[in-house]
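Geometric and topological summary
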Amino acid sequence: MDWSWTVDKAIPRPLRVIFRGVGQVFFCGNAVTGLIFLAALYVGGITAGLAATVGVVSSTVAAYLLGFPDDEIDAGLYGFNGTLVGPCLFLFLEHSPQLWLYVVFASILSTIVLAALMRILQPYNIPASTSPFVLTCWMFMAAVFAFDSFSRGPILPAASIPTEVAYISMIPVEMWHVAVSKGVSEVMFADSVIVGVMFLVGIAITSFRGAVMALSGAIVGVITPVLLGADKSLIEMGLYAFNPVLTMMAIGWVFLKPSKKSAVLAFLAGMLTVVCQAGLANFLTPIGLPTLTFPFVLVMWMFLFAASKSKYWGNS
């Protein structure tokens with residue numbers, strides 16, 4: 001929406017860059033959208049909101065101090081990985097005063113990892129996206145075994161066999177909108193219908209197509225695992241949906257030319273992301289690490305590398 005960009009430019013530069021960094025989690029380099037996202041996180045929980053704020057500020061300040069390109073910083077490209085790092089570490093690790101310092105260090109590292117990956121992937125015109133967040137959080141979650149001041153929280157995955165498999169008839173009608181909404185909110189680790197709706201509103205302010213792709217990704221992330229007979233509780237919590245949300249936005253809106261063909265590819269990519277997540281979960285669970293957004297990153301990279309060889313797909 002044009003008015004949102006007018007407001008975006010009216011926001012003081014330091015705040016504008018921070019809000020854009022939050023918005024870039026969903027590929028929205030718009031400060032108004034980012035402000036809505038951050039407000040939604042605080043609605044979901046004060047700790048999550050504070051952790052995201054500390055993360056985005058730390059990663060953005062690090063980019064300034066390291067002298068990275070101003071245009072990239074202004075677009076919020078060095079903020080979104082830090083935005084995810086904060087809530088992630090507070091979700092998966094036991095809370096302690098030292099954890100705030102841990103978040104700062106991890107957020108700074110995510111900026112350095114992003115800069116390195118951008119340099120590596122630039123010749124292929126492939127984005128690093130949330131891979132720095134994934135790699136950094138895996139490293140910091142695994143490292144807590146060496147530090148007495150930290151311990152892993154109870155939510156980290158443990159090897160288990162699903163106790164109840166989902167079928168279409170087993171998920172009540174009223175649960176479908178909950179699962180879809182939470183699928184959007186879980187992108188930033190928020191288990192909330194309200195937060196999911198606020199995220200969708202924020203995306204729609206930047207792009208209606210982007211919001212449609214996000215909503216479609218959440219729907220694909222509910223229907224596909226149901227049809228495949230996945231764990232019912234994980235589906236209802238939206239944990240199979242947040243990766244397809246990002247995948248469908250990336251393929252159907254951001255990195256390929258918006259068209260009917262890219263929309264079809266986005267749906268295929270969304271379904272593949274569900275399968276990829278299930279496979280990665282089985283691989284990572286024995287070592288106690290969550291998949292995070294790595295399924296989205298892998299599928300997005302595969303489709304974008306394939307697009308670079310296709311005369312029909314084309315990059316935007």
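The rules behind the values
Residues numbered from 1 in each chain as written. Predicted model: local features only at pLDDT ≥ 70, side-chain atom pairs only at ≥ 80, totals over all residues. Heavy atoms only, no water. Helix = DSSP H or I, 4+ residues; strand = E, 2+ residues; numbered from the N terminus. Buried < 20%, exposed > 50% of the residue type's maximum accessible area, 1.4 Å probe, protein only. Contact = heavy atoms within 4.5 Å. Areas by Shrake-Rupley, 256 points an atom, 1.4 Å probe, with all protein chains shown as cover. 1 Å grid on protein atoms, 1.4 Å probe; cavity = no way out; pocket = protein on both sides within 12 Å on 5 of 7 lines; lining within 4 Å. Points joined across faces, edges and corners; volume = space filled by probe spheres on them. Axes fitted to C-alpha atoms, helices over the stretch in contact; angles between N-to-C directions. Left-handed = near helix turned anticlockwise from the far one by under 90°. Expected span 1.5 Å × (residues − 1). Salt bridge = Lys/Arg side-chain N within 4 Å of Asp/Glu carboxyl O. pLDDT = per-residue confidence, 0-100. Phe/Tyr/Trp six-rings, centres within 6.5 Å; stacked < 30°, edge-to-face > 60°.

**Digging into the overall build of the chain**
Broken down by element type, the chain carries 15 helices and zero strands. Looking at the chain as a whole, 55% of its 316 residues are labelled buried. Once local pairs closer than 6 in sequence are excluded, the contacts in the chain between residues at least 24 apart make up 71%. Element-wise, carbon and sulfur atoms account for 70% of the exposed surface of the chain, whose accessible area totals about 13600 Å².

**Thoughts on the layout of surface pockets**
Taken as a whole, the second largest pocket holds about 650 Å³ of empty space. In terms of lining, the second largest pocket is formed by 27 residues, of which the most central are L77, M118, I126, P127 and A128. When residues of the lining of the second largest pocket are traced back to their parent elements, those giving at least two are α7 (97-121) and α15 (294-307). Of the residues forming the lining of the second largest pocket, the biggest block, five residues, is contributed by α7.

**What about the packing of helix α2 (residues 13-23) against helix α4 (residues 46-65)?**
One way to put it is that α2 packs onto α4 with a least axis distance of 10 Å and a crossing angle of 115 degrees. As for the relative orientation of α2 and α4, their crossing is right-handed in sense. Here α2 contributes R13, V17, I18, G21 and V22 to the contact with α4, which in turn contributes V56, V57, T60 and Y64.

**Describing helix α8 (residues 131-143)**
Relative to the 18 Å expected for 13 residues at 1.5 Å per residue, α8 spans 18 Å between its end C-alpha atoms, a close match to the ideal helical length. Structurally, α8 contributes buried residues whose contacts are with α6 (80-92), α7, α14 (260-284) and α15.

**Things to note about the pattern of salt bridges**
Two side chains bearing opposite charge may form a pair once their charged atoms approach each other closely. Applying the stated criterion across every chain, the model contains four salt bridges. Of the charged contacts in the structure, one is a salt bridge between R20 and D8, with a shortest N-O distance of 2.4 Å. Of the two residues, R20 sits in helix α2 while D8 sits in helix α1 (residues 2-10), which places them 12 residues apart along the sequence. Residue classification places D8 among the buried residues on the basis of a relative accessible area of 0%.

**Observations regarding the confidence of the model for the chain**
With 88% of its residues at a pLDDT of 70 or more, the chain shows a mean pLDDT of 90. Confidence drops under pLDDT 50 across residues 159-163; counting only partners more than four residues distant or on other chains, this segment forms two contacts.

**Comments concerning the environment of I203**
Looking at where I203 falls in the secondary structure, it is placed in helix α10 (residues 193-206). Counting along the chain gives 175 residues from I203 to C28, while the straight-line C-alpha distance between them is 6.8 Å.

**Remarks on the packing of aromatic side chains**
As enumerated under the stated definition, the model contains 12 aromatic pairs in all. Where F27 meets F296, the ring centres are 6.2 Å apart and the plane angle is 70 degrees; that geometry is what we call edge-to-face. In this pair, F27 is assigned in the loop between α2 and α3 (31-44) and F296 in helix α15, connecting sequence segments 269 residues apart. The pair F27 / F296 is uniform in exposure class, with both members buried. Measuring from centroid to centroid gives 4.4 Å for F90 and W100, while their planes differ by 50 degrees, and the two rings are tilted.

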